[in-house]
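A structural walkthrough
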Amino acid sequence: MQQTVRVELGDRSYDVLIGPGLIAGSGAAIAPLLRRPRVAVVTDENVAVRHLAALQAGLADAGIEMEALTLPAGEATKSWPHLSRTVEWLLSQKVERTDVVVALGGGVIGDLVGFAAAILRRGVRFVQIPTSLLAQVDSSVGGKTGINAPQGKNLVGAFHQPSLVLADTEALATLTSRDFLAGYGEVVKYGLLGDAAFFDWLEVNGPALAAGDMAARVQAVTRSVQMKADIVARDETEQGDRALLNLGHTFCHALEAATGYSDRLLHGEGVAIGCGLAFELSSRIGLCAQEDPSRVRAHLRDMGMKVDFADIPGDLPGTAALMNLMAQDKKVVDGTLRFILARGIGAAFVTSDVPRAAVVSVLDDARAG
Ligand code: GLY
């Protein structure tokens, strides 16, 4: 059942292995990268309870020793204090330039540890072992690493590609249903942005996948990673096509900021709502058929996901405030907001040519429910 996707980036190319049992088999997968049989692992306290012993045993099977640093779970860990703690711990472990650091966890751990690896001794190699669906299909692949700043999310960081990614689909069984579905928001995004047949497949197989069907999970993660790998190979540093991966994210970032990056809205939930809004906007300005946003919303509803503003607990600010939050998005270039819109399901493109009035009317209607 195991699949391999190659991310083609010249001498920084690497494999993403996808399938069940990869944590147990981690030693055999990682051993070829090592000069000496020893790795430094960074994880968080929730993931450590579930997976650290299995990782240790998997590494030991190949004679690899490990030391582990366990950080607090949660977005607040993606910060300067935990970055310096991690870097200093890696130095105290005498990690050398030829050694390998392992990031075991979700997106927070992957981004933080990847950044620590990027700056430690001017760059050491690292392996991503993503344990959340969101990290498996998005953040562990493509080399974006970093931390948050008081001024905003992901504002400090570096492109630093991993040397290997082990996406163990058995680890997904330990996620809450809410976390799984939030990650599924990013899976749907891939179908919507570039593969209509994959979206068709998700409409049929999404419920089985959410219920735990392992073959369906492997297939969905593999197709998502393949799409991301192709885009990253074309545009590693987001000069063009990589922005397609931000479908739904302009709306999502405004909603995340409006809800204080809190438990009221998980990132993947915001992406799903944002994808619905991006299709609604596309349809209103005549780019795609009215059936397309309806189909996107129907699938999210079928999956039991958040679709409307009313699904977000608590009050949201008015349209003007949401427009201001969108204007602070990282995708603003020379003061112009860039959107990812679509000519249909699977046909997204990047544009700055979006009438402000159309965005306002989409938000007004979303707020009115
Ligand atoms: N998560 C978007 C990207 O990696 O470009």
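The structure contained in this document is the topic of the report that follows. (Residues numbered from 1 in each chain as written. Predicted model: local features only at pLDDT ≥ 70, side-chain atom pairs only at ≥ 80, totals over all residues. Heavy atoms only, no water.)

What to know about the overall build of the protein
Of the regular secondary structure elements, the protein holds 13 helices and 11 strands. Taken over C-alpha atoms, the radius of gyration comes to 20 Å for the protein, in line with the 21 Å a tight globule of 369 residues would show. Seen through its C-alpha atoms, the protein measures out along the principal axes to roughly 60 × 40 × 40 Å. Split into buried and exposed, the 369 residues of the protein put 57% on the buried side. Considering only intrachain contacts with a sequence separation of at least 6, the fraction spanning at least 24 residues in the protein is 74%. Within the protein, one finds 34 positive and 42 negative side-chain charges whose respective centroids are separated by 5 Å. (Helix = DSSP H or I, 4+ residues; strand = E, 2+ residues; numbered from the N terminus. Rg over C-alpha atoms; globule rule 2.2 N^0.38 Å. Buried < 20%, exposed > 50% of the residue type's maximum accessible area, 1.4 Å probe, protein only. Contact = heavy atoms within 4.5 Å. Lys, Arg positive; Asp, Glu negative; His and termini not counted. Charge placed at Lys NZ, Arg CZ, Asp CG, Glu CD.)

A short note on the environment of Gly-240
Checked against the element boundaries, Gly-240 lands in the loop between helix H8 (214-234) and helix H9 (249-258). The partly exposed category is assigned to Gly-240, whose relative accessible area is 27%. Gly-240 sits 110 residues away from Val-350 along the chain, and the two C-alpha atoms are 8.2 Å apart.

What about the site of the ligand?
Inspection of the region around the ligand gives Asp-138, Lys-144, Lys-228, Glu-238, Arg-242 and Leu-245 as its neighbouring residues. Within the side chain of Asp-138, one N or O atom sits 3.0 Å away from a nitrogen atom of the ligand. In the model, an oxygen atom of the ligand is placed 2.7 Å from a nitrogen or oxygen of the Arg-242 side chain. In isolation the ligand offers 200 Å² of accessible surface; the protein chains occlude 88% of this area. Looking at the shell around the ligand residue by residue, the class counts come to one nonpolar, no polar and five charged. (Near = heavy atom within 4 Å. Polar contact = N/O pair within 3.5 Å; in protein donor to acceptor, adjacent residues only side chain to side chain. Areas by Shrake-Rupley, 256 points an atom, 1.4 Å probe, with all protein chains shown as cover. Nonpolar A, V, L, I, M, F, W, Y, C, P; charged D, E, K, R; others polar.)

Quick look at the pattern of salt bridges
Using the criterion set out here, one finds 21 salt bridges in the structure. A salt bridge links Lys-153 to Glu-75; the nearest nitrogen and oxygen atoms lie 3.9 Å apart. Remark: Glu-75 occurs in the loop between strand S4 (65-71) and helix H3 (80-92) and Lys-153 occurs in strand S8 (residues 152-159); sequence separation between them is 78 residues. Note that Lys-189 and Glu-186 form a salt bridge whose closest N and O atoms lie 2.8 Å from each other. Here Lys-189 pairs with Glu-186, and both are found in helix H6 (residues 177-194), just three residues apart, close to one helical turn. Like Glu-186, Lys-189 is buried. Overlapping salt bridges, with partners in common, bring together Arg-178, Asp-263, Glu-269 and Lys-306 in one network. (Salt bridge = Lys/Arg side-chain N within 4 Å of Asp/Glu carboxyl O.)

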